[in-house]
Amino acid sequence: LNRKSNPACRCCNTGDAESIRHTMFECSAHAESRRVFCDRVEKRCPGFAEMDVDDKLRFLMADNTPAALDGLLYQFLTDVYKSRLGILAAREKGS
């Protein structure tokens with residue numbers, strides 16, 4: 001594979017690296033999916049909204065993340081993945 005390490009995100013125009021942190025919590029292309037996901041997590045885990053991004057990532061990726069969040073996290077990641085594929089396909093068509 002000739003993939004560059006952390007290339008710029010191709011879903012938004014910020015030039016930020018396409019990292020897990022960026023994709024889940026910063027990319028403007030996924031803002032609505034993120035808002036829905038974070039609202040749902042906050043309902044099940046009060047205080048989530050007040051965490052900084054790094055703490056949210058640690059919380060969600062930990063071995064002991066509450067089981068009640070498994071389905072929500074899976075749905076969010078699936079939504080982001082599908083959104084990303086759509087954005088990239090549309091950009092490829094437009095080129």
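In short, a report on the structure. Since the structure is predicted, the reported quantities are computational estimates derived from the model, not experimental observations. (Residues numbered from 1 in each chain as written. Predicted model: local features only at pLDDT ≥ 70, side-chain atom pairs only at ≥ 80, totals over all residues. Heavy atoms only, no water.)

### Details of the overall build of the chain
- For the chain, the helix and strand inventory stands at four helices and zero strands.
- Listed N to C, the secondary structure of the chain is α-α-α-α in terms of helices and strands.
- In terms of principal-axis extent, the alpha carbons of the chain reach across some 45 × 25 × 25 Å.
- Of all intrachain contacts in the chain linking residues separated by at least 6 positions in sequence, the fraction that spans at least 24 positions is 46%. (Helix = DSSP H or I, 4+ residues; strand = E, 2+ residues; numbered from the N terminus. Contact = heavy atoms within 4.5 Å.)

### Side note on the packing of helix H2 (residues 31–44) against helix H4 (residues 70–94)
- Two elements in contact, H2 and H4, have axes whose closest approach is 10 Å; the angle formed by their N-to-C orientations is 175 degrees. Relative to H4, the element H2 is oriented roughly antiparallel. Between H2 and H4, the residues in contact are Ser33, Arg34, Phe37, Arg40, Val41 and Arg44 and Leu72, Leu73, Phe76 and Asp79, respectively.
- Along the lines of polarity and charge, the residues of the contact of H2 with H4 split into five nonpolar, one polar and four charged. (Axes fitted to C-alpha atoms, helices over the stretch in contact; angles between N-to-C directions. Parallel < 35°, antiparallel > 145°, perpendicular 65-115°, else oblique. Nonpolar A, V, L, I, M, F, W, Y, C, P; charged D, E, K, R; others polar.)

### Considering the packing of aromatic side chains
- This model, assessed by the stated rule, comprises two aromatic pairs.
- Plain terms: the ring middles of Phe37 and Phe76 are 4.4 Å apart, the flat faces sit at 10 degrees to each other, and that makes the pair stacked. Of this pair, Phe37 sits in helix H2 while Phe76 sits in helix H4, and the two are 39 residues apart along the sequence. Phe76 shares its class with Phe37; the two are buried.
- Ring geometry for Phe48 versus Phe59: centroids 6.0 Å apart, planes at 50 degrees, classification tilted. In this pair, Phe48 sits in the loop between H2 and helix H3 (53–61) while Phe59 sits in helix H3, placing the two residues eleven residues apart along the sequence.
- On the accessibility criterion, Phe48 (0% relative accessible area) is buried. (Phe/Tyr/Trp six-rings, centres within 6.5 Å; stacked < 30°, edge-to-face > 60°. Buried < 20%, exposed > 50% of the residue type's maximum accessible area, 1.4 Å probe, protein only.)

### Structural notes on the pattern of salt bridges
- The final tally for this structure, using the stated rule, is six salt bridges.
- Among the ionic pairs, Arg84 bridges to Glu18, the shortest N-O distance being 2.6 Å. Here Glu18 lies in the segment before helix H1 (20–25) and Arg84 lies in helix H4, a separation of 66 residues in the sequence.
- A relative accessible area of 19% places Arg84 in the buried class. (Salt bridge = Lys/Arg side-chain N within 4 Å of Asp/Glu carboxyl O.)

### Quick notes on H3
- Residues of H3 that are buried: Lys56, Leu57 and Leu60. Down the axis of H3, the buried set is contained in an arc of 100 degrees. They therefore lie on one face. (Arc of directions from axis to C-beta.)

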